[in-house]
Amino acid sequence: MSDEEEDYMSDAFLSKIQDVKPGVDMVRRAKEAIKKEEKRKEKNIQNRQKSYKEQEKESREAALQSSISNQNKGFALLQKMGYKAGQGLGKAGAGRVDPIPLNIKADRGGIGLEELKKRKAEEELHHYRQKVRAKQQNEAKSLEDFRSRVRTEREERKIEGDLTRSQRSCEQLDNQKGITVPREPWYWPKVEADNEEDSDEEEEEEEEIIELNSFDKLQILTSYLRGVHFYCLWCGTPYNDEDDLTSNCPGDTAADHE
């Protein structure tokens, strides 16, 4: 290797190369660009001429921040009448201390328009709440009516089931005692007639009998079972005598056995 050619593997050549990490220079340039942009924006804001509204707002706020000077004619008249700075208005000094606040109207609406809008909004809100309350009450009433109707239907089905059970028990116990005809036709389960003549006769007989509902029939039939056969429908067992029934049976209704 000649002396004019540099040795790329020598320490002298490697020491001349700057140690630059990948990506460091790019991040530095990005930060510098952001700083330059921020400075440019600040300079533009400073050099920008303020609008008339902005100048008016600044001067108004500056005036409101400062108290009234003695050179003000109105303030001078108050001082001649005995008023002192920081004192309330009136002879006793119980009046307003601070000046009346200044409310700037920026829109072109008439005086009192905001109050009208506010009143209308409150009325609409009040009507809306009334509608919601009425709807909730109607829903609650409908739900309660539905629950009551379901409860009534369930109780009616239970009474019909207890009546059917008591009729079967009555027929069985009557047969055991040799009774071939029920005391009342509805004491035993209803048997369909073999022909139309029998059906017509039964319908005529039923028209003559006072119509009883299922609850009344159940009460009458359970009383008959307890009094004649010493049998409790809800206990499901016959007792030896009336004393045995009274002593061991909780009562003569389904509620007594719950």
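All values reported here derive from a predicted model rather than from experimental measurement. (Residues numbered from 1 in each chain as written. Predicted model: local features only at pLDDT ≥ 70, side-chain atom pairs only at ≥ 80, totals over all residues. Heavy atoms only, no water.)

Student: Just give me the short version of helix α7 (residues 214-228), but keep the residues and values in it.
Tutor: Taking 1.5 Å of rise per residue, 15 residues should cover 21 Å, and α7 covers 21 Å from first to last C-alpha, within 8% of that figure. Those residues of α7 not exposed but buried are Ser214, Leu218, Leu221, Thr222, Tyr224, Leu225 and Arg226. On its buried face, α7 is in contact with α5 (113-176), β1 (231-232) and α8 (242-248). (Helix = DSSP H or I, 4+ residues; strand = E, 2+ residues; numbered from the N terminus. Expected span 1.5 Å × (residues − 1). Buried < 20%, exposed > 50% of the residue type's maximum accessible area, 1.4 Å probe, protein only. Contact = heavy atoms within 4.5 Å.)

Student: Tell me about a nonpolar patch on the surface, and name the residues and values.
Tutor: Side chains of Leu77, Leu78, Met81 and Leu89 sit close together on the surface and give an oily, nonpolar patch of about 400 Å² of accessible area. Along the chain, the position of Leu89 falls in the loop between α4 (73-80) and α5. Assessed through its relative accessible area of 41%, Leu89 is described here as partly exposed. (Patch = residues over 30% accessible without salt bridge, like charges linked within 9 Å, V, L, I, M, F, W, Y side chains within 5 Å. Areas by Shrake-Rupley, 256 points an atom, 1.4 Å probe, with all protein chains shown as cover. Salt bridge = Lys/Arg side-chain N within 4 Å of Asp/Glu carboxyl O.)

Student: Describe a positive patch on the surface, naming the residues involved and giving the relevant values.
Tutor: There is a patch of like positive charges on the surface, built from Arg147, Arg151, Arg154 and Arg157. With respect to the helices and strands, Arg147 occurs in helix α5. A relative accessible area of 46% places Arg147 in the partly exposed class. (Lys, Arg positive; Asp, Glu negative; His and termini not counted. Charge placed at Lys NZ, Arg CZ, Asp CG, Glu CD.)

Student: Explain the confidence of the model for the chain residue by residue, including any values.
Tutor: With 83% of its residues at a pLDDT of at least 70, the chain reaches an overall mean of 79. Confidence scores differ between elements of the chain, with helix α6 (residues 196-208) showing the lowest mean pLDDT of 52 and β1 the highest of 90. (pLDDT = per-residue confidence, 0-100.)

Student: Report on the side chain of His229, specifying residues and quantitative values.
Tutor: Structurally, His229 can be placed in the loop between α7 and β1. Excluding residues within four positions of it along the chain, His229 makes contact with Leu173, Asp174, Lys177, Tyr224, Pro238 and Tyr239.

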